[in-house]
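Residue strings, one per chain:
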Amino acid sequence: MEEEISLREYFFVLIKRLWLILLLTVMCIGASGIISFYVLKPEYQTFTTLMVGRPKDYQNTNQQLDYNEIMVNQQLVTTYGELVKSRVVADDVIRDLKLDIPFDEFKDKVNVNLVKDTEIIKIEVTDGDPELAAAIANKTAEVFMDKVKDIMNIENVQIIDRAQVTDKPVKPRPFLNMAIAGVLGLMAGIFLAFILEYFDNTIKTQEDVQKYLGLSVIGTIPKFDENN
């Protein structure tokens, strides 16, 4: 019975402070929408894929591939991924494209994903300019091909997909941001409602008199409308 009464009190607290909960929720959604649509700059992402360690005559389906060679190449893919983001590659890309960015900023733009159990490297580039993102991705792939041949003496590196210019930004995602902000605002509103109720020690109803003072209510004074 006490649990039922407690749950009922929680419900009444939420109803009582419903205006506050809704206000905070709407404010959070509105603020998130304004920031997402008008403050945050859109960023675009594109990618290029390369296959490394592939035999020169791989196109010949009649040729048998050496299993050990393929396994070694797959293990080396991680090394290739680190080489893509190395300074020796970044400096050439920055110079060839005449970019006015430091090495650390270049590393933030470029991300290397290794396709599991394959010899494929996926180079992803994110930038506020979609054309520049595609240019950086393609140039990084070209420079990497040259460097891996010189450094690791590997000839069989090929580009599978070249980066394409995209018109759809990957972030910000306004509607997702607004949904998350709405949930956070709702939770904050509920939390604040219970905090205010906890510190509110005023007597407002007959039930409060009986509950907190332990006194019986003998009578009440009705509230009259001054206009009548």
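Residues numbered from 1 in each chain as written. Predicted model: local features only at pLDDT ≥ 70, side-chain atom pairs only at ≥ 80, totals over all residues. Heavy atoms only, no water.

Visitor: I tried to follow the packing of helix α4 (residues 87-97) against helix α6 (residues 130-152) on my own but got confused; where do I start?
Guide: Packed helix pairs are specified by the crossing angle of their axes together with the interaxial distance, meaning the distance between the axes. For the pair α4 and α6, the least separation of the axes is 9 Å and the interaxial angle reads 130 degrees. Between α4 and α6, the angle falls in the class oblique. In terms of crossing hand, the pair formed by α4 and α6 is right-handed. Contact residues: α4 offers V88, V89, D92, V93, D96 and L97, while α6 offers A135, I136, K139, T140, V143, F144 and K147. Looking at the contact of α4 with α6, its residues break down into eight nonpolar, one polar and four charged. (Axes fitted to C-alpha atoms, helices over the stretch in contact; angles between N-to-C directions. Helix = DSSP H or I, 4+ residues; strand = E, 2+ residues; numbered from the N terminus. Parallel < 35°, antiparallel > 145°, perpendicular 65-115°, else oblique. Left-handed = near helix turned anticlockwise from the far one by under 90°. Contact = heavy atoms within 4.5 Å. Nonpolar A, V, L, I, M, F, W, Y, C, P; charged D, E, K, R; others polar.)

Visitor: Hey, could you run me through the nonpolar core in this one?
Guide: Looking at soluble globular proteins, one finds that nonpolar side chains tend to be buried together. Counting residues in hydrophobic clusters, the biggest one holds 30 residues, and the most contacted among them are F106, I123, F144 and V157. Where this core is concerned, the elements lending two or more residues are β1 (44-52), α3 (67-84), α4, α5 (103-109), β2 (110-114), β3 (120-127) and α6. In terms of residue count, the dominant contributor to this core is α6 (nine residues). Discounting residues that sit within four places of it in the chain, V157 has contacts with L50, M51, V52, F144, M145 and V148. (Core = buried A, V, L, I, M, F, W, Y, C linked by side-chain atoms within 4.5 Å. Buried < 20%, exposed > 50% of the residue type's maximum accessible area, 1.4 Å probe, protein only.)

Visitor: Looking at this structure, I do not really get helix α7 (residues 174-199). What am I missing?
Guide: Helical periodicity: at 3.6 residues per turn, an α-helix aligns residues three or four positions apart in one direction. Helix length check: α7, at 26 residues, gives a terminal C-alpha distance of 37 Å against a target of 38 Å (1.5 Å per residue), a fit within 8%. Within α7 the residues assigned to the buried category are P174, A181, G182, G185, G189 and A193. (Expected span 1.5 Å × (residues − 1).)

Visitor: How should the side chain of T49 be read in this particular structure?
Guide: Among the secondary structure elements, T49 is positioned in strand β1. Residue classification places T49 among the buried residues on the basis of a relative accessible area of 9%. Non-local contacts of T49, meaning those with residues more than four positions away in its chain, are made with I120, I121, K122, Q158, I159, I160 and D161.

Visitor: Hey, could you run me through a nonpolar patch on the surface in this one?
Guide: A surface patch of nonpolar side chains, about 800 Å² in accessible area, is lined by I34, I35, F37, Y38, V39, L40 and F175. Among the elements that make up the nonpolar patch, the one with the highest residue count is helix α2 (residues 18-39) (five residues). With respect to the helices and strands, the residue L40 is situated in the loop between α2 and β1. (Patch = residues over 30% accessible without salt bridge, like charges linked within 9 Å, V, L, I, M, F, W, Y side chains within 5 Å. Areas by Shrake-Rupley, 256 points an atom, 1.4 Å probe, with all protein chains shown as cover. Salt bridge = Lys/Arg side-chain N within 4 Å of Asp/Glu carboxyl O.)

Visitor: What exactly am I supposed to notice about the packing of aromatic side chains here?
Guide: Each aromatic ring pair is summarised here by two numbers: the centre-to-centre distance and the angle between the ring planes. What the rule picks out here adds up to four aromatic pairs. Between the aromatic rings of F37 and Y38, the centroid separation amounts to 6.5 Å while the plane-to-plane angle is 55 degrees, which identifies the pairing as tilted. Residue classification places F37 among the partly exposed residues on the basis of a relative accessible area of 45%. For Y38, a relative accessible area of 70% puts it in the exposed group. Look at F37 and F175: their rings are 6.0 Å apart centre to centre, the planes differ by 80 degrees, and that puts the pair in the edge-to-face class. Residue F37 is found in helix α2, and its partner F175 is found in helix α7; the two are separated by 138 residues along the sequence. (Phe/Tyr/Trp six-rings, centres within 6.5 Å; stacked < 30°, edge-to-face > 60°.)

Visitor: Looking at this structure, I do not really get the sheet that holds β3. What am I missing?
Guide: Sheet strands line up and pair through hydrogen bonds in the backbone, either parallel or antiparallel. The antiparallel open sheet is built from four strands, whose spatial order is β2-β3-β1-β4. Unpaired on one side and paired on the other, β2 and β4 (157-161) mark the two borders of the sheet. Neighbour-to-neighbour, the strand axes of the sheet open up by a mean angle of 30 degrees, direction not taken into account. Both β1 and β3 contribute to a ladder of eight bridges, which runs antiparallel. Bridging across to β3, M51 finds its partner in I120. In the packing of α6 onto the sheet, the strands contacted are β1, β2, β3 and β4, and the crossing angle to β1 comes to about 20 degrees. (Pairing = 2+ DSSP bridges.)

Visitor: Would you mind showing me how to read the pairing of β1 here?
Guide: The side chains of a regular strand alternate between both faces of the sheet. With respect to burial, β1 is a largely interior element, seven of its nine residues being buried. Relative to β4, β1 runs antiparallel, the two sharing four bridges. Among the inter-strand pairings, M51 is bridged to a residue of β4, identified as Q158.

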